[in-house]
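Summary of the model geometry
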Amino acid sequence: MVSAFLPPVLGQSISETIIPDVKTTLNLFGMHLRKVSGEWDYPVHAHPQYEFNYVLEGEQLIIVNNHSYTQRAGDLVLLRPGDSHSSRSGNGKPFTYFCIHFDIDDKILISLLSRLNHVLFESDSTIAHKLGPVLSKLVEISKSIAGGITMSQRMRLQSAVFDLFAQLWEAFSIDAHLSSSTTYEKVELAHQIRSRLQGLVYQQFKLELPYDSHYGIDDIAAELGISASHCYRVFRQVFGMSPRVFLSEQMLHEAKVLLDDPSLSVSQISGILGYRDIAHFSRQFKRWYGKSPREYRGSTDE
């Protein structure tokens, strides 16, 4: 079992950058590159995933929730889960398109996608312009896949899709500052708070701060130049929980990972996590999880 991050011996590090945990699950479905005839007609349907539909050449008429959009080369369509849609040639001639269905558990990205009100992003739009090169890269990877997919191809596909999301976020930040910067800035601020909270967990280990130390969220708010109440309010609006609940979840995660390592005693884990004694750690863990650390260890052995 891989153990959680363990701090180095104090005084040995010359410099250090703590990178917040990245815990994102991406699932890709029904990705395909297709050239169709002018008579091609796909019936009305819906699916539970998001979809990017990108036209490479020709013209597609796509109908989304009873609204018609003419999609030409370089135009991008974003469909949300449950959107009813159908498509056919827009001019009776063949056309080529690339399609990705996906779902992802990143709350910030989902928040972004839910606020993109447009369905069609024309080729000269900021978003289509930013995403075009990455989509072209995905198309090239797709062309190289015949029959089965190799591990390296699968990793390159996922890497390119994550790059696609990064470009989408950057493009949206540009558009948002021109239209509704308040909304974008709120989500970005919540992301900064979350990253600092994740870093705080590791700093707690490294500096051997007690878990119930008052240093933490209020200091993060001060560093970001906002009030503690605004920090709590923005974080809750974006993530649906308070910063303290999120911090507790991070601590619980680290505690469980450490407890899964049989080479560490509960007393050692208590010290690593910054608790003043094993009794305090045991009480807090049981409050979070409903079982004591030793009971948790027993249940994972079953």
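Before any of the text, the structure's been laid out above.
First, a word on scope: everything that follows refers to the structure included in this document. (Residues numbered from 1 in each chain as written. Predicted model: local features only at pLDDT ≥ 70, side-chain atom pairs only at ≥ 80, totals over all residues. Heavy atoms only, no water.)

Glancing now at the overall build of the protein. Scanning the protein for helices and strands turns up 10 helices and nine strands. Partitioning the intrachain contacts of the protein with sequence separation of at least 6 by distance along the chain shows that 71% fall at a separation of at least 24. If you sum the accessible surface of the protein, you get close to 15700 Å²; carbon and sulfur atoms cover 51% of it. (Helix = DSSP H or I, 4+ residues; strand = E, 2+ residues; numbered from the N terminus. Contact = heavy atoms within 4.5 Å. Areas by Shrake-Rupley, 256 points an atom, 1.4 Å probe, with all protein chains shown as cover.)

On to the environment of S195. Tracing the sequence through the fold places S195 in helix α4 (residues 181-207). When its relative accessible area of 22% is taken as the criterion, S195 is described as partly exposed. C-alpha of S195 to C-alpha of V22: the two residues are 173 residues apart in sequence and 9.7 Å apart in space. (Buried < 20%, exposed > 50% of the residue type's maximum accessible area, 1.4 Å probe, protein only.)

What follows is about the pairing of strand β5 (residues 67-72). Both faces of the sheet carry side chains from a regular strand, because those side chains alternate between them. The pairing of strand β4 (residues 59-64) with β5 spans six bridges and is classified as antiparallel. Bridge pairing in β5 places E59 opposite R72. (Pairing = 2+ DSSP bridges.)

Before going further, it helps to examine the nonpolar core. One finds F52, F102, L116 and L138 to be the most contacted residues of the largest nonpolar core, which totals 52 residues. The biggest single contributor to this core is helix α3 (residues 151-178), with nine residues. Contact partners of F102, with chain neighbours within four places excluded, come to L26, N27, L28, F29, Q49, Y50, E51, F52, L113 and F165. Ranked by size, the runner-up nonpolar core spans 14 residues in total, among them L264, Y275, F285 and Y296. (Core = buried A, V, L, I, M, F, W, Y, C linked by side-chain atoms within 4.5 Å.)

For the rest of this paragraph, the subject is the pattern of salt bridges. Under the definition given, this model contains five salt bridges. Measuring nitrogen to oxygen at the nearest pair gives 3.9 Å for the salt bridge that ties K35 to E57. Pair noted here: K35 is in strand β1 (residues 26-36) and E57 is in strand β3 (residues 50-57), with a separation of 22 residues, a long-range link. E140 is the partner of K143 in a salt bridge, and the nearest nitrogen-oxygen pair spans 3.6 Å. Placement of the pair is K143 and E140 together in helix α2 (residues 126-143), with a separation of three residues, close to one helical turn. Accessibility expressed as a relative area gives 49% for E140, which makes it partly exposed. (Salt bridge = Lys/Arg side-chain N within 4 Å of Asp/Glu carboxyl O.)

Here we come to the sheet that holds strand β8 (residues 95-104). What the five strands build is an open sheet, ordered β1-β8-β3-β6-β9; its pairing is antiparallel. Two strands in the sheet have a free side with no partner beyond their single neighbour: β1 and β9 (120-121). Judged from the nine bridges that link them, β1 and β8 form a sheet pairing that is antiparallel. Residue N27 lies in a different strand from β8, and its bridge partner there is D103. Contacts from α2 reach β1, β3, β6 (76-79), β8 and β9, with the element oriented near 85° to β3. (Axes fitted to C-alpha atoms, helices over the stretch in contact; angles between N-to-C directions.)

What follows concerns the side chain of N53. You can see N53 is positioned in strand β3. For N53, a relative accessible area of 4% puts it in the buried group. Polar side-chain contacts of N53 include one of 3.3 Å to the side chain of E51. Not counting chain neighbours up to four residues away, the residues in contact with N53 comprise Q60, Q71, D75, L76, V77, Y97, F98 and C99. (Polar contact = N/O pair within 3.5 Å; in protein donor to acceptor, adjacent residues only side chain to side chain.)

With that settled, the discussion passes to the packing of helix α7 (residues 243-259) against helix α9 (residues 278-289). Helix-helix packing is characterised by the crossing angle of the two axes and by the distance between the axes. Relative to each other, α7 and α9 sit at 110°, their axes nearing to 11 Å. Taken together, α7 and α9 sit at an angle that is classed as roughly perpendicular. Seen from above, α7 lies across α9 with left-handed handedness. Along its contact with α7, which presents S248, M251, L252, A255, K256 and L259, the element α9 presents F281, F285, W288 and Y289. Class assignment of the residues belonging to the contact of α7 with α9 gives a composition of eight nonpolar, one polar and one charged. (Parallel < 35°, antiparallel > 145°, perpendicular 65-115°, else oblique. Left-handed = near helix turned anticlockwise from the far one by under 90°. Nonpolar A, V, L, I, M, F, W, Y, C, P; charged D, E, K, R; others polar.)

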